[in-house]
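Inside the fold
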Amino acid sequence: MQEPKVSQRDQFVSKIGFILAAAGSAVGLGNIWRFPYLAGKNGGGAFVLFYLSCVIVLGFGLMLAEFIIGRHTQLSSVDAFKKLDKRFTFVGGMGVLAAFIIMGYYPVVGGWSVAYIFKTLFGELSTDAAVMGGAFESLIEGMFSPIFWTAIYMIANIVIVVKGISTGIERASKVMLPTLFGLLIILVIRSLTLPNAAEGLRYLFVPDFSKLTGDVMMAALGQAFFSLSLGMGCMITYASYLSKKENLVENATIVPILDTLVALLAGVVIIPATVSFGFDLDSGPGLVFVTVPAIFATMGPIIGRIFGFIFFFMIAIAALTSSLSLLEVVVSYLIDNRGWDRKKAVTITSIILFIICIASSLSMGIWKDKKLMDMNIFDLLDWFANNVLLPLGGIFITLFVGWFWDKDKVKAEVTNDGSIKFTLFNVWIFLCRFIIPIIILLVLLRGIGLI
Ligand code: PFF
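Residues numbered from 1 in each chain as written. Predicted model: local features only at pLDDT ≥ 70, side-chain atom pairs only at ≥ 80, totals over all residues. Heavy atoms only, no water.

Section: unusual backbone geometry
The condition is simple: Secondary structure elements follow DSSP: runs of H or I no shorter than four residues count as helices, runs of E no shorter than two count as strands, and numbering proceeds from the N terminus.
Positive phi values are uncommon outside glycine, yet Asn196 reaches one of about 70°. Structurally, Asn196 can be placed in the loop between α9 (165-192) and α10 (197-205). The phi angle at Asp374 is positive, at roughly 70°, despite the residue not being glycine. Checked against the element boundaries, Asp374 lands in the loop between α16 (342-362) and α17 (377-404).

Below, the structure is given as structure tokens:
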């Protein structure tokens, strides 16, 4: 194993840079594409409420645990665990696997967003579900076009990750997040002034607990992990580039709040508009690509197109700052653990990932009928990584911090050797020891039908 010296390790150059990069990793397709369609599909309010509970109870605690491990060791996840307790090295390995699997389909959706930058600019915008649904299907079911857009998206990832942390990732995040917020707020106003918008809001926020089945709970839990980039060592890896002066508790509070705000804003844009246009709330991965262009159609041909262009451009950048972090998990493993140089690690990983992405993309079209456990390749990768691997990772990471790591060392790291107060330290340790692992386990068991 080649252990990089701390002094040589690239670091985030500013405080705001790290928050933006960590939030950049968290805020992505999970918030804008996945959250609204899962909320639509899983019955609305009850899903959203359970999701929010997961973020509050698990999100903050687990994010803090990952930050502490990463910053303490200054190593990416596999080597961080190897250094702290060899028995837990597999947790890092599981995380690398999860990153790999997610990157086997995430760039496909990233590619759709890139395609939609142009589609909204030059294609047809209509509030007719058949027109917008048809346009989306003809894109994703095609052979070459979605693969072409995925390739463009992958190339953008490669270029940034090759450059390393501070120059690439930090800079991209600094521009993306504020712009995305601004745009979402404009869209919220437009969506809420559509006829029948209130009904959509009610669907999103008034829980109907009869809909809270094991599957729905598991989906909400998986979404919390996915959206916050937790359970797979991504935040360990990012925090390994963080300076010893930063306040980890503050960071672990701000990032989940920002992430949840973006998801809720996206939900408030998409669900009321979907109801207002009479589109199908249950339409799955296509929801944002069908509903949002329809909202733009109501803004008039020119303004609608300009906003559409900016919106999908922002989604593509939000996706990019997330997939960069996923790629970074795999790449930093190959650099820190296998001693590869960055360029080689990025190139080889990307080629393999691109091949998996081709399979995922085709599973929306010509391989639509190839199914395992009733899921096509794309859905299977998504389900296995988010609903199984990430929650399992979350259990082991919190158990490690709660039970197996010297409490004094944990305290010293989180308080920056006593210079920062963390009054809830014992509460948080209690969460890591019992509450978080038990809740995750219960939801997992219920999700797979064992209880
Ligand atoms: N959080 C990202 C999103 O919401 O799109 C996806 C993601 C990034 C998941 C990084 C996991 C991860 F480690």
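There is more to say, and it comes next.
Considerations on the site of the ligand
Quick note on the threshold: A cutoff of 4 Å decides nearness: a residue is near a molecule or strand if any of its heavy atoms lies inside that distance of it. Any N or O atom pair separated by 3.5 Å or less is treated as a polar contact, with the protein-specific requirement of one donor-capable and one acceptor-capable atom, and with residues adjacent in sequence counted only for side-chain atom pairs. Computed with a 1.4 Å probe, the accessible areas rest on the Shrake-Rupley method; for each residue, only the protein chains presented here act as cover. Side-chain classes are defined by residue name, with Ala, Val, Leu, Ile, Met, Phe, Trp, Tyr, Cys and Pro counting as nonpolar, Asp, Glu, Lys and Arg as charged, and the others, Gly among them, as polar.
Around the ligand there are 15 residues in total, and Ala26, Gly30, Tyr106, Phe226 and Cys234 lie nearest to it. Between the ligand and Ser227 there is a distance of 3.1 Å, counted from a nitrogen atom to a backbone nitrogen or oxygen. At 3.0 Å, a side-chain N or O of Ser229 approaches a nitrogen atom of the ligand. About the coverage of the ligand: the protein hides 100% of its 340 Å² of free accessible area. Within the residue set of the shell around the ligand, elements represented by two or more residues are α1 (15-26), α2 (29-41), α11 (214-228) and α15 (301-336). Across the shell around the ligand, the residue classes tally to seven nonpolar, eight polar and no charged.

Quick word on the confidence of the model for the chain
Selection criterion: Residue-level confidence of the predictor is summarised by pLDDT, bounded by 0 at the bottom and 100 at the top. We call two residues contacting when some pair of their heavy atoms lies within 4.5 Å.
When pLDDT is averaged along the chain, the result is 92; 97% of the residues meet or exceed 70. Counting contacts from residues 1-7, a segment whose pLDDT is below 50, to residues more than four positions away or on other chains yields twelve contacts.

Thoughts on the environment of Gly43
Along the polypeptide, Gly43 turns up in the loop between α2 and α3 (45-73). Taking the C-alpha atoms as reference points, Gly43 and Leu381, 338 residues apart in sequence, are found 23 Å from one another. Once you skip the residues sitting within four places of it in the chain, Gly43 turns out to touch Tyr203 and Lys211.

Comments concerning a nonpolar patch on the surface
Worth spelling out the cut-off: Candidates for patches are residues over 30% relative accessible area with no salt bridge; among them, like charges are joined within 9 Å and nonpolar side chains (Val, Leu, Ile, Met, Phe, Trp, Tyr) within 5 Å. Salt bridges are defined by distance alone: a side-chain nitrogen of Lys or Arg within 4 Å of a carboxyl oxygen of Asp or Glu.
A surface patch of nonpolar side chains, about 910 Å² in accessible area, is lined by Trp403, Phe404, Phe430, Phe434, Ile438, Leu442, Ile448, Leu450 and Ile451. Looking at the nonpolar patch, the elements with two or more residues in it are α17 and α19 (425-447). Relative to the elements of secondary structure, Phe430 occurs in helix α19.

Thoughts on the side chain of Ser191
To keep things clear, this is the line we draw: To sort residues, take the accessible area from a 1.4 Å probe on protein chains only and compare it with the maximum for the residue type: under 20% means buried, over 50% means exposed, and anything in between is partly exposed.
The residue Ser191 is located in helix α9 in this model. Residue Ser191 is classed as buried on the basis of its relative accessible area, which comes to 0%. With residues near it in sequence (within four places) discarded, Ser191 still touches Ala197, Val268, Val269, Pro272 and Ala273.

Some thoughts on α1
Applicable threshold: A helix is expected to reach a length of 1.5 Å times the quantity of its residues less one.
In a regular helix each residue adds 1.5 Å, so twelve residues correspond to 16 Å; α1 covers 17 Å between its end C-alpha atoms and thus fits that length. Counting buried positions along α1 yields ten of twelve residues, so the element is predominantly enclosed. Along α1, the positions that sit buried rather than exposed are Gly17, Phe18, Ile19, Leu20, Ala21, Ala22, Ala23, Gly24, Ser25 and Ala26.

Considerations on the pattern of salt bridges
With the rule as written, the count across this model stands at seven salt bridges. Lys368 is the partner of Glu141 in a salt bridge, and the nearest nitrogen-oxygen pair spans 2.9 Å. Of this pair, Glu141 sits in the loop between α7 (129-140) and α8 (144-163) while Lys368 sits in the loop between α16 and α17, and the two are 227 residues apart along the sequence. Taking the relative accessible area as the measure of exposure, Glu141 reaches 31% and is therefore partly exposed. The class for Lys368 is partly exposed, based on a relative accessible area of 37%. Taking the shortest distance from any N to any O, the salt bridge between Arg342 and Glu328 comes out at 2.9 Å. Here Arg342 is found in helix α16, whereas its partner Glu328 is found in helix α15, with 14 residues between them in sequence. On the basis of relative accessible area, Glu328 is assigned to the buried category, the value being 0%.

A short note on α17
Applicable threshold: One fitted axis covers the seven residues ending at a residue, a second covers the seven starting there, and the bend at that residue is the angle between these axes.
At Ala385, α17 is deflected by roughly 30°, the largest bend along its length. Between the side-chain oxygen at the start of α17 and the backbone nitrogen of Phe378 there is a gap of 3.2 Å, and the oxygen is on Asn376.

Observations concerning the environment of Leu180
As for its placement among the helices and strands, Leu180 is situated in helix α9. On the basis of relative accessibility, which here comes to 0%, the residue Leu180 falls in the buried class. Sequence separation between Leu180 and Val346 is 166 residues, and the spatial gap between their C-alpha atoms is 28 Å. For Leu180, the residues in contact, after removing those within four places along its chain, are Val27, Ile32, Val262, Met314 and Ala318.

Quick word on the state of the cysteines
Going by this rule: Cysteine sulfur atoms that pair up within 2.5 Å are treated as a disulfide.
Using the criterion set out here, one finds zero disulfides in the structure. Of all cysteine sulfurs, the one in Cys432 lies closest to Cys54, which takes part in no disulfide; the gap is 15 Å. Accessibility expressed as a relative area gives 0% for Cys432, which makes it buried.

Examining the nonpolar core
For clarity, the threshold we go by: Nine residue types can take part in a nonpolar core, namely buried Ala, Val, Leu, Ile, Met, Phe, Trp, Tyr and Cys, and a core is a set of them joined through side-chain atoms within 4.5 Å.
Counting residues in each nonpolar core, the largest one holds 163 residues, and the members touching the most others are Trp33, Trp112, Phe311 and Trp428. The element contributing the most residues to this core is α15, with 17 residues. In this view, Trp112 contacts Trp33, Phe136, Leu139, Ile140, Pro146, Pro285, Phe289, Met364 and Phe378; residues no more than four positions away in its chain are not counted.

Notes on the packing of aromatic side chains
Note the threshold: For this analysis, a ring pair means two rings from Phe, Tyr or Trp (six-membered ring only for Trp) whose centres lie within 6.5 Å, classed as stacked if their planes differ by under 30 degrees, edge-to-face if by over 60, and tilted for the remaining angles.
One pass over the full model with this rule turns up 34 aromatic pairs. When the centroid spacing of 5.0 Å and the interplanar angle of 80° are considered together, the rings of Phe90 and Phe396 count as edge-to-face. Here Phe90 is found in helix α5 (residues 89-102), whereas its partner Phe396 is found in helix α17, with 306 residues between them in sequence. For the pair Tyr116 and Phe136, a centre-to-centre distance of 6.3 Å together with 55° between the ring planes defines the contact as tilted. Note that Tyr116 is positioned in helix α6 (residues 106-122) and Phe136 in helix α7, a separation of 20 residues in sequence.

What to know about the packing of α11 against α17
Our working rule: Orientation is described by axes fitted as lines to C-alpha atoms, over the contacting stretch for helices, and by angles from 0 to 180 degrees between their N-to-C directions. Throughout this description, any angle smaller than 35 degrees is read as roughly parallel, any larger than 145 degrees as roughly antiparallel, any in the 65 to 115 degree range as roughly perpendicular, and the remainder as oblique.
It is the contact of α11 with α17, at a shortest axis distance of 9 Å, that shows an interaxial angle of 75°. Between α11 and α17, the angle is such that the two are roughly perpendicular. Residues Met218, Ala219, Leu221, Gly222, Phe225 and Phe226 of α11 touch α17, and the partners they reach there are Trp383, Asn386, Asn387, Val388, Leu390, Pro391 and Gly394. Counted by class, the contact of α11 with α17 contains nine nonpolar, four polar and no charged residues.

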